[in-house]
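Coordinate analysis (summary)
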Amino acid sequence: MNGNNRHAIVLGGSIAGLLAARVLTEHFEQVTLIERDALPTGAEPRKGVPQGRHLHALLARGYQALVALFPGFKTDLLEAGAVISDLSNDVRWYQGGYSVNFNSGIEAVFISRPTLEWLIRQRVVALPNLALRPSCAVTALTTTADQQQVTGVMIHDRQTNEDETVTADLVVDATGRGSHIPKWLTQLGYATPEESTVNVGVSYATRLYRRTVSDDQAKALLNVPVAPLEKRGGGVFPIEHNGWLATLTGYQDDEAPKDEQGFLAHAHSLPAQEIYELLKNAEPLSDIATYNYPASRRRHYEQLTRFPIGLITVGDAVCSFNPIYGQGMTVCALEALVLDKWLRSATQQNQPRDSRQFFTLIAKVIDVPWALAKGADTVKASPNLLDRYLNRLKKVSQHDKVVSLAFIKVVQLLAPPASLFHPRIVLRVLLGSWRRDQAKRSLKTAWRTV
Ligand SMILES: Cc1cc2nc3c(=O)[nH]c(=O)nc-3n(C[C@H](O)[C@H](O)[C@H](O)COP(=O)(O)OP(=O)(O)OC[C@H]3O[C@@H](n4cnc5c(N)ncnc54)[C@H](O)[C@@H]3O)c2cc1C
């Protein structure tokens, strides 16, 4: 390790921060993870991550990345009680119709968000060159006199009630959507990143229930609304300790319910009736938690022409996605892999670390999930050819396993969207919908002749 690889600091100890810290321990002599919350000793929800009570899907690509970062992580998950099953066979997936069930060979992990974060934290705090500073709020950046380089941070220790300066060769901001970096950049005389937003106005209501069926009999249920026609959705996942975690969602003025009666009524109104059938007799184990998410927001750090040396930002602080598509944690994991690559290449080439290069690299990771979420959330007056093709593809995937698998792989970030335009898939989509239309037409003719 060279002279400027002595100490790295990570701000924020949620998923993005923990995964960044894991990577940094391979490149720096010492890594300090600074978290504002007093961290619980076990797997519990906490103040700094209010979304933690709600259903969190881990996309298949994110699961792969976690296993790459923490070899043997599947065992950790299973020992903590996670339910791991087949992404198609064991999920009743409704999006304008039920998807066909078949053995996809792709594993799906069902676990509560606090337990997942706790498992990752256990792995990270066990790293010998990692120091965790809970109950410490970062209050400012420190820089060289010319403000060209970030040299560390000011923190307020909530336990001792003292302020302190912590110096570092690299500061990684992972403080989430509310990150102060844009404000601090302005104070240092830098431009702030442009922001792209997609107003979604989605509300969440979540409740934990007792599960009486075993892990291998439990099917996850998902009802993803087809925007803009449908405003309501929901999901029920089998999680650790024989739990069913049920989240109901609503778009815009059709808010997710806050009370027991409304909760069941909302479930009853969903096209995927299996959700209501499961919940109506299940025993609730918690109150109903709610969350309102206004808009997907992407900060385009990659477009800035000037940026201080020694600072980068990751996770929701860069891009926060409509949670319905379950992309956030997976993007954090992919960014951690990029961080590793970026640090490795700077060391190999014996070059100073260029933060703008890092932002260019993570922009490529963000582009696809951002486009997928934005495409699904953008209401178009008249769908173009591409939209019509994708709509057909989704319909055909309800009965065609090959098309369904191709679609699943794209949504799970395992394959690029271009794979949906492979001639084999295009043919099946066109033929599949033609066959269905033919069937409908012959049914109509048959009726007329009766
Ligand atoms: C309702 C909802 C449902 C979601 N569902 C899914 C899902 O199904 N699948 C999925 O992959 N993602 C989902 N997400 C997104 C996911 O929660 C985030 O992507 C994930 O938590 C990673 O975020 P992060 O680590 O960047 O930031 P956060 O999780 O927001 O964490 C930021 C951390 O920084 C700390 N912090 C903040 N300020 C300071 C400070 N000044 N000093 C020190 N520490 C500080 C906070 O305490 C916190 O620990 C969902 C989000 C929401 C809102």
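Look up: the structure comes first, before these words.
The paragraphs below set out a description of the structure included in this document. (Residues numbered from 1 in each chain as written. Predicted model: local features only at pLDDT ≥ 70, side-chain atom pairs only at ≥ 80, totals over all residues. Heavy atoms only, no water.)

**Observations regarding the nonpolar core**
Note the threshold: Side-chain atoms within 4.5 Å link the members of a nonpolar core, which is a set of buried Ala, Val, Leu, Ile, Met, Phe, Trp, Tyr and Cys residues. The rule is simple: take the accessible area with a 1.4 Å probe, protein chains only, and divide by the maximum for that residue type; under 20% is buried, over 50% is exposed, in between is partly exposed. Each helix is a run of DSSP H or I of at least 4 residues and each strand a run of E of at least 2, with the numbering of both proceeding from the N terminus. Should any heavy atoms of two residues lie within 4.5 Å, those residues are counted as being in contact.
Counting 103 residues, the largest nonpolar core has Leu-19, Leu-24, Leu-77, Ile-120 and Val-153 as its most contacted members. Per element, the largest residue contribution to this core is 10 residues, and it comes from helix 8 (residues 328–348). Filtering out sequence-adjacent residues up to four positions away, Leu-19 remains in contact with Leu-66, Leu-69, Phe-70, Ile-120, Cys-332, Ala-333 and Ala-336. Counting 17 residues, the second largest nonpolar core, distinct from the first, contains Leu-221, Ala-246, Leu-248 and Ala-267.

**Quick notes on the packing of aromatic side chains**
This is how it is decided: Note on aromatic contacts: the rings of Phe and Tyr and the six-membered ring of Trp form a pair at centre separations within 6.5 Å, being stacked when their planes are under 30 degrees apart, edge-to-face when over 60 apart, and tilted otherwise.
All chains considered together, the criterion is met by 11 aromatic pairs. On the basis of an interplanar angle of 40 degrees and a centroid distance of 5.7 Å, the ring pair of Phe-70 and Phe-73 is categorised as tilted. Each member of the pair, Phe-70 as well as Phe-73, carries the same accessibility label: buried. Centre to centre, the rings of Tyr-301 and Phe-359 are 5.1 Å apart; their planes meet at 25 degrees, and the pair counts as stacked.

**Digging into the site of the ligand**
To be explicit about the condition: Consider each residue's heavy atoms; a residue with any of them within 4 Å of a molecule or strand counts as near. Contacts described as polar in this section are N or O atom pairs within 3.5 Å, which, within protein, must combine one atom able to donate a hydrogen with one able to accept it, while residues neighboring in sequence count only if both atoms come from side chains. In this description, accessible areas are obtained by the Shrake-Rupley approach with a 1.4 Å probe, and a residue is regarded as covered only by the protein chains that are shown. When residue character is reported, Ala, Val, Leu, Ile, Met, Phe, Trp, Tyr, Cys and Pro are called nonpolar, Asp, Glu, Lys and Arg charged, and the others, Gly included, polar.
The local shell around the ligand holds 31 residues, among which Ser-14, Glu-35, Ala-57, Arg-113 and Met-329 are the closest. A distance of 2.7 Å separates an oxygen atom of the ligand from a polar side-chain atom of Arg-113. Between the ligand and the protein, one listed contact pairs an oxygen atom with a backbone N or O atom of Gly-326 at 3.4 Å. Its free accessible area being 1000 Å², the ligand has 95% of it covered by the protein chains. Elements with a minimum of two residues in the shell around the ligand: helix 1 (15–24), strand 7 (136–143) and helix 8. In the shell around the ligand, the residues fall into 15 nonpolar, 11 polar and five charged.

**Details of the side chain of Arg-22**
Residue placement: Arg-22 occurs in helix 1. Those residues in contact with Arg-22, other than ones at most four positions away along the chain, are Leu-69, Phe-70, Val-124 and Leu-127.

**Details of helix 2 (residues 60–69)**
Along helix 2, the residues classified as buried are Ala-60, Gly-62, Tyr-63, Ala-65, Leu-66 and Leu-69. Each element contacted by the buried residues of helix 2 is listed here: helix 1, helix 3 (73–79), strand 3 (83–86), strand 5 (107–110), helix 4 (113–125) and helix 8.

**Examining the packing of helix 1 against helix 8**
Rules: For every element, the axis is a line fit to its C-alpha atoms; helices are fit only across the contacting stretch, and the angle between N-to-C directions ranges from 0 to 180 degrees. Any angle that is under 35 degrees is reported as roughly parallel, and any over 145 degrees as roughly antiparallel; angles of 65 to 115 degrees are reported as roughly perpendicular and all others as oblique. Crossing handedness follows the turn of the near helix against the far one: under a right angle anticlockwise gives a left-handed crossing, and clockwise gives a right-handed one.
Here helix 1 crosses helix 8 at 25 degrees, and the two axes come no closer than 9 Å. With respect to helix 8, the axis of helix 1 lies roughly parallel. For the crossing formed where helix 1 meets helix 8, the hand is right-handed. Where helix 1 abuts helix 8, its residues Ile-15, Ala-16, Leu-19, Ala-20, Val-23 and Leu-24 lie against Met-329, Cys-332, Ala-333, Ala-336, Leu-339, Asp-340 and Leu-343.

**Focus on the side chain of Ser-104**
Here Ser-104 is to be found in the loop between strand 4 (91–94) and strand 5. Residues within four places of Ser-104 in sequence aside, it is in contact with Asp-86, Leu-87, Ser-88 and Leu-405.

**Details of the pattern of salt bridges**
Side chains carrying opposite charge are able to pair once their charged atoms draw close together. Our working definition: For this analysis, a salt bridge means a side-chain nitrogen from Lys or Arg found within 4 Å of a carboxyl oxygen belonging to Asp or Glu.
For the structure on display, the rule yields 26 salt bridges. Of the charged contacts in the structure, one is a salt bridge between Glu-26 and Arg-22, with a shortest N-O distance of 3.1 Å. The partner of Lys-231 in a salt bridge is Asp-253, and the shortest N-O contact between them spans 2.8 Å. Of this pair, Lys-231 sits in the loop between strand 12 (220–223) and strand 13 (232–239) while Asp-253 is found in the loop between strand 14 (243–251) and helix 6 (260–268), placing the two residues 22 residues apart along the sequence. Owing to a relative accessible area of 64%, Asp-253 belongs among the exposed residues under this scheme. When salt bridges that share partners are traced, they join Glu-35, Asp-37, Arg-46, Arg-113, Glu-117 and Arg-121 into one network.

**Some details on the state of the cysteines**
Put simply, the rule reads: Whenever a pair of cysteine sulfur atoms sits within 2.5 Å, that pair is classed as a disulfide.
For the coordinates displayed, the defined rule picks out zero disulfides. Cysteine Cys-319 shares no disulfide, and the gap to the nearest cysteine sulfur, in Cys-332, comes to 10 Å. Owing to a relative accessible area of 2%, Cys-319 belongs among the buried residues under this scheme.

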